[in-house]
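# Architecture at a glance
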Amino acid sequence: MTRRKTMIILGIESSCDETSAAVVDMADGKRTSLSNIVASQIETHALYGGVVPEIAGRAHIEAVSGITYESLETAGITMSDIDAIGVTNRPGLIGALLVGLSFGKSLAVSRGIPLVPVHHIRGHIAANYLAHAELEPPFLALVVSGGHTSLIEVKDYTTFQTIGRTRDDAMGEAFDKVARVMGIPYPGGAEMDRLASLGDPTAFAFPSAAIPDGSLDFSFSGLKTHVINLLHRYEQKGEPFPKEDIAASFTATVLHSVTKKLSAALASYPYRTLVLAGGVSANSHLRSALQSYAEKNGLRFYVPPRSLCGDNAAMIAAQAYYECLAGHVADASLNAFACGE
Ligand code: KG4
Ligand code: ZN
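Right, let's walk through the structure included here. (Residues numbered from 1 in each chain as written. Chains lettered and ligands numbered in written order. Predicted model: local features only at pLDDT ≥ 70, side-chain atom pairs only at ≥ 80, totals over all residues. Heavy atoms only, no water.)

### What about the pairing of strand S1 (residues 7-13)?
Burial of S1 is extensive: seven of the seven residues sit out of reach of the surface. Side chains Met-7, Ile-9, Gly-11 and Glu-13 project from S1 onto one buried face, and the interleaved Ile-8, Leu-10 and Ile-12 project onto a second face that is buried too. Connecting S1 to the next strand, strand S2 (residues 18-27), in antiparallel fashion are four residues. Alignment of S1 against strand S4 (residues 84-90), held across four bridges, turns out to be parallel. Paired with Gly-11 across the two strands is Gly-86, which belongs to S4. (Buried < 20%, exposed > 50% of the residue type's maximum accessible area, 1.4 Å probe, protein only. Helix = DSSP H or I, 4+ residues; strand = E, 2+ residues; numbered from the N terminus. Pairing = 2+ DSSP bridges.)

### So, the coordination of the zinc ion (ligand 2)
The zinc ion (ligand 2) binds to the protein through His-120 (NE2), His-124 (NE2) and Asp-311 (OD); the donor distances cover 2.0 to 2.1 Å. Each donor residue of the zinc ion (ligand 2) lies on one chain, and together they are spaced H-x3-H-x186-D. With His-124 in helix H4 (residues 120-131) and Asp-311 in the loop between strand S10 (300-302) and helix H10 (313-325), the pair connects residues that are 187 residues apart, well separated along the chain. Residues His-124 and Asp-311 agree in their burial class; the two are buried. (Donors = N, O, S within 2.8 Å, 3.2 Å for Na, K, Ca; no water.)

### Describing the pattern of salt bridges
For the structure on display, the rule yields nine salt bridges. Glu-54 is the partner of Arg-58 in a salt bridge, and the nearest nitrogen-oxygen pair spans 2.8 Å. Here Arg-58 and its partner Glu-54 are both found in helix H2 (residues 53-75), four residues apart, which amounts to about one turn of the helix. Of the two residues examined, Arg-58 and Glu-54, each falls in the exposed class. The partner of Asp-169 in a salt bridge is Lys-224, and the shortest N-O contact between them spans 2.7 Å. Residue Asp-169 is located in the loop between strand S8 (159-165) and helix H5 (171-181), and its partner Lys-224 is located in helix H7 (residues 221-236); the two are separated by 55 residues in the primary sequence. By relative accessible area, which is 13% here, Lys-224 ends up buried. (Salt bridge = Lys/Arg side-chain N within 4 Å of Asp/Glu carboxyl O.)

### Overview of the site of ligand 1
In the neighbourhood of ligand 1, 17 residues make up the surrounding shell, with Gly-146, Asp-176, Asp-193, Gly-279 and Asn-283 lying closest. Between ligand 1 and Gly-146 there is a distance of 2.8 Å, counted from an oxygen atom to a backbone nitrogen or oxygen. Measuring from an oxygen atom of ligand 1, one finds a side-chain N or O atom of Asp-176 at 2.6 Å. Going through the elements one at a time, H4, H5 and helix H6 (189-198) are the ones with two or more residues in the shell around ligand 1. A per-element tally of the shell around ligand 1 places H6 first, with three residues. Tallied by class, the residues present in the shell around ligand 1 amount to four nonpolar, 10 polar and three charged. (Near = heavy atom within 4 Å. Polar contact = N/O pair within 3.5 Å; in protein donor to acceptor, adjacent residues only side chain to side chain. Nonpolar A, V, L, I, M, F, W, Y, C, P; charged D, E, K, R; others polar.)

### Let's talk about the nonpolar core
With 49 residues, the main nonpolar core has Leu-140, Leu-151, Met-171, Met-192, Ile-246 and Phe-250 as its most contacted residues. Within the residue set of this core, elements represented by two or more residues are strand S6 (139-144), H5, H6, H7, helix H8 (243-268), strand S9 (273-277) and helix H9 (284-296). Those residues in contact with Phe-250 that sit more than four places away from it in its chain are Ala-174, Phe-175, Val-178, Met-192, Phe-206, Leu-223 and Val-227. Grouped together as the second largest cluster of nonpolar side chains are 35 residues, Val-116, Ile-121, Tyr-129 and Ala-277 included. (Core = buried A, V, L, I, M, F, W, Y, C linked by side-chain atoms within 4.5 Å. Contact = heavy atoms within 4.5 Å.)

### Digging into the side chain of Asn-128
As for its placement among the helices and strands, Asn-128 is situated in helix H4. With relative accessibility at 0%, the residue Asn-128 sits in the buried group. Here the side chain of Asn-128 touches Leu-276 through a polar contact of 3.1 Å, landing on its backbone oxygen. Not counting the four nearest positions on each side in its chain, Asn-128 is found in contact with Leu-135, Val-275, Leu-276, Ala-277, Tyr-302, Val-303 and Pro-304.

### A short note on unusual backbone geometry
For the bond running from Arg-90 to Pro-91, omega is -25 degrees, close enough to zero to count as cis. In this fold, Pro-91 is placed in the loop between S4 and helix H3 (94-111). Of note, the bond from Pro-137 into Pro-138 is cis; its omega dihedral lies within 30 degrees of zero at 5 degrees. Secondary-structure assignment places Pro-138 in the loop between H4 and S6.

### Concerning the packing of aromatic side chains
Evaluation of the coordinates by the stated rule reveals eight aromatic pairs. Considering the side-chain rings of Tyr-129 and Tyr-322, the 5.4 Å spacing of their centres and the 65 degrees angle between planes classify their relative orientation as edge-to-face. Highlighted residues: Tyr-129 in helix H4 and Tyr-322 in helix H10, separated in sequence by 193 residues. Between the aromatic rings of Phe-204 and Phe-206, the centroid separation amounts to 5.7 Å while the plane-to-plane angle is 5 degrees, which identifies the pairing as stacked. The residues Phe-204 and Phe-206 share a single accessibility class, namely buried. Here the aromatic residues Tyr-129, Phe-139, Tyr-157, Tyr-321 and Tyr-322 are joined through ring pairs into a cluster of three or more. Sitting over the face of the ring of Tyr-234, Lys-237 holds its NZ or CZ atom 5.9 Å from the ring centroid. (Phe/Tyr/Trp six-rings, centres within 6.5 Å; stacked < 30°, edge-to-face > 60°. Lys NZ or Arg CZ within 6 Å of the ring centre and 35° of its normal.)

The following block contains the structure:
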């Protein structure tokens, strides 16, 4: 078999509130990140309690060029070393996506190199390829972020089927909204993680996020509203709320909901490998719960290091390599889409 040549890929990510550019070096048996620069806008959006789309778009346009230059410099290369450009074109905030897409498109057209559109969720999954050299599809993936909660069959590097999803709020959104009512600044997920370690996970019984209808779908909005109503009752009575116990009980309910749907998914789709990805995969309780779930059920379990859990362009560039090999290359008419399977 002839070995494919190494491809150096520049990735660009701007779907939400992080502008990122990265360089990866990919080949058969080689997945190396040479740089991964992330400029976060979180401090700006925290003032408003959530991401303000127009501010996000404007911040991306200010950052994208400098971040890209920094990613090349850190990798120790120039544009003439780049073989292809991978850019997130869906799903996300449309004004935010358009910035990275237009920038990547201009670079690809001016250099005469392939432009590879990358689905953001596929990118999150691909973070695991960079971190785990031995990981190969097929496998079952759970992707949990601020905008998504999906159970996905990853049949090969570019063939995906969503078998379960949230019907309302994403898991990260539920963490952030409960945190916000507790007075924790946006995005509160990481602080909820810390508080949960200090509390009693059995202090409160909350409604499950696993929809009991035989589907593989979740609903986080009932759970979120239940917890928020509880917080409001404490406020109305003028009593302090037990933050730690509420965070721990909320987290325990989320974990229980996840393992319930995972068991249902594995009964119908008997994969032996489980992959966790997305911003919420940084959650220490989720990581260890799924690690023990996998051990108990004889599954191999993969999760990225925390540095690759949140939005970043290295994951986009890694997935772009596989999309490029599959011939999924765009022309200069490539567009961005807010939603997208
Ligand atoms: O993937 P991501 O960076 O952006 C989207 O694609 O949405 O995910 C961001 C989400 C936020 O909701 C944030 O609060 C959550 O990930 N998050 C966490 C933790 N770290 C980040 N949620 C729970 N525990 C954490 N440790
Ligand atoms: Zn994301």
